[in-house]
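Single-letter residue listing:
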Amino acid sequence: MKPVFVAPSILSADFANLGGALERLAGAGADWVHLDVMDGHFVPNITFGPPIIKALRPHTPLFFDAHLMISEPDRYLDAFAEAGCDSITVHAEAAPHLHRTLTYIRSLGKKAGVSFNPSTPMHTLPFVIEHVDVVLVMSVNPGFGGQKFIPAMLPKIREIRQLIDDRGLDVRISVDGGIDSRTAPLVREAGADVLVAGTAVFGNGGDWAANIAALRAAATP
Ligand code: DX5
Ligand code: ZN
């Protein structure tokens, strides 16, 4: 298993000072920055897009992990790549030509990711797994931070881990939603190696470094 990565989601950070937040995250021990892009159509919330990501890019050297909760993501892949994203994750539910979408993301020199909502089976994954760098398992219904972890996602994580291991591939499993010190060990044991966390890092007004360290420790038996 790869070492655990912690990817704070800035959805739970202070939107009035995202640049300042990014300047602190590397020093707080974050591995990735999880960017929750929402269009108000694929999910019932609207956040930010390429111009904001471009403005944030100079504020940290950290890996930009873009989570596109948008319809028709193919229309925007170039813009997110040019804005400075390091990985671009699309939702399987919003990408009818998923094989083409993933190979196109890689052709842009970016890591390619696919995400599945809680009720979406991952039966398309075996057909595209060779073109995937990260599988993002939603453990809440996308659109908002601070929701309750859905335990039924644990067998899904195990099944994805089994597929990756059976194929001998180098693919990370990221889990997103309701990840905290209680759920982090559960998803790690199931096979995840990236923990996306918004509320658990930014939500209690506490010390981000301590919150990130606590997540990492909880997932490291
Ligand atoms: C939800 C987002 C998640 C969310 C996680 O649609 O994709 O990344 O920000 O927030 P918490 O960690 O608070 O559940
Ligand atoms: Zn997310």
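In the block above lies the structure referred to throughout.
Now for a look at the structure at hand. Everything numeric here is computed off the predicted structure, so don't read it as measured data. (Residues numbered from 1 in each chain as written. Chains lettered and ligands numbered in written order. Predicted model: local features only at pLDDT ≥ 70, side-chain atom pairs only at ≥ 80, totals over all residues. Heavy atoms only, no water.)

Turning our attention to the overall build of the chain. Looking only at helices and strands, the chain has nine helices and eight strands in total. Taken against the 2.2 N^0.38 rule, which gives 17 Å for 221 residues, the C-alpha radius of gyration of the chain at 16 Å falls within 12% of a compact globule. Across its three principal directions, the C-alpha atoms of the chain cover 45 × 40 × 30 Å. Of all 221 residues assigned to the chain, the portion counted as buried reaches 56%. Sequence-distant contacts in the chain: of pairs separated by 6 or more residues, those separated by 24 or more amount to 65%. A total of about 9,200 Å² of accessible surface is found on the chain, and carbon and sulfur atoms cover 56% of it. If the 18 positive side-chain charges of the chain are averaged to one point and the 23 negative ones to another, these points end up 2 Å apart. (Helix = DSSP H or I, 4+ residues; strand = E, 2+ residues; numbered from the N terminus. Rg over C-alpha atoms; globule rule 2.2 N^0.38 Å. Buried < 20%, exposed > 50% of the residue type's maximum accessible area, 1.4 Å probe, protein only. Contact = heavy atoms within 4.5 Å. Areas by Shrake-Rupley, 256 points an atom, 1.4 Å probe, with all protein chains shown as cover. Lys, Arg positive; Asp, Glu negative; His and termini not counted. Charge placed at Lys NZ, Arg CZ, Asp CG, Glu CD.)

Take helix H1 (residues 18-25) next. Burial analysis of H1 places six of its eight residues in the buried class, which makes it a mostly covered element. The set of residues buried in H1 consists of Leu 18, Gly 19, Gly 20, Ala 21, Leu 22 and Leu 25. Structurally, H1 contributes buried residues whose contacts are with strand S1 (5-8), strand S2 (32-38), helix H2 (50-56), strand S3 (63-69), helix H8 (199-202) and helix H9 (208-218).

Another point: the coordination of the zinc ion (ligand 2). For the zinc ion (ligand 2), the full set of protein donor atoms is His 34 (NE2), Asp 36 (OD), His 67 (ND1) and Asp 176 (OD), at a range of 2.1 to 2.2 Å. Classification of the site at the zinc ion (ligand 2) as octahedral follows from its six donor atoms and the range of 70 to 175 degrees in their angles at the metal. One chain supplies every donor to the zinc ion (ligand 2), and in sequence these donors are spaced H-x1-D-x30-H-x108-D. For the pair shown, His 34 and Asp 36 are each scored as buried. (Donors = N, O, S within 2.8 Å, 3.2 Å for Na, K, Ca; no water. Tetrahedral: all angles 85-135°; square planar, octahedral: opposite > 155°, others 65-115°.)

This next bit is on the packing of aromatic side chains. Tallying each qualifying case throughout the model produces four aromatic pairs. Consider the rings of Phe 15 and Phe 48, whose centres lie 5.9 Å apart with planes at 55 degrees: the pair is tilted. Here the residue Phe 15 occupies a position in the loop between S1 and H1, and Phe 48 occupies one in the loop between S2 and H2, the gap between them amounting to 33 residues. Among the residues examined, Phe 48 registers a relative accessible area of 8% and is labelled buried. (Phe/Tyr/Trp six-rings, centres within 6.5 Å; stacked < 30°, edge-to-face > 60°.)

Among the residues making up helix H4 (residues 98-107), those that are buried are Leu 98, Thr 101, Leu 102 and Ile 105. Each buried residue of H4 sits inside an arc of 95 degrees when the element is viewed along its axis, so together they form one side. Looking at H4, the residues exposed on the side facing more than 90 degrees away from the buried face are Arg 100 and Ser 107. Buried residues along H4 sit in contact with helix H3 (77-83), strand S4 (87-91), strand S5 (111-116) and helix H5 (125-128). (Arc of directions from axis to C-beta.)

That is the geometry; function is a separate question.
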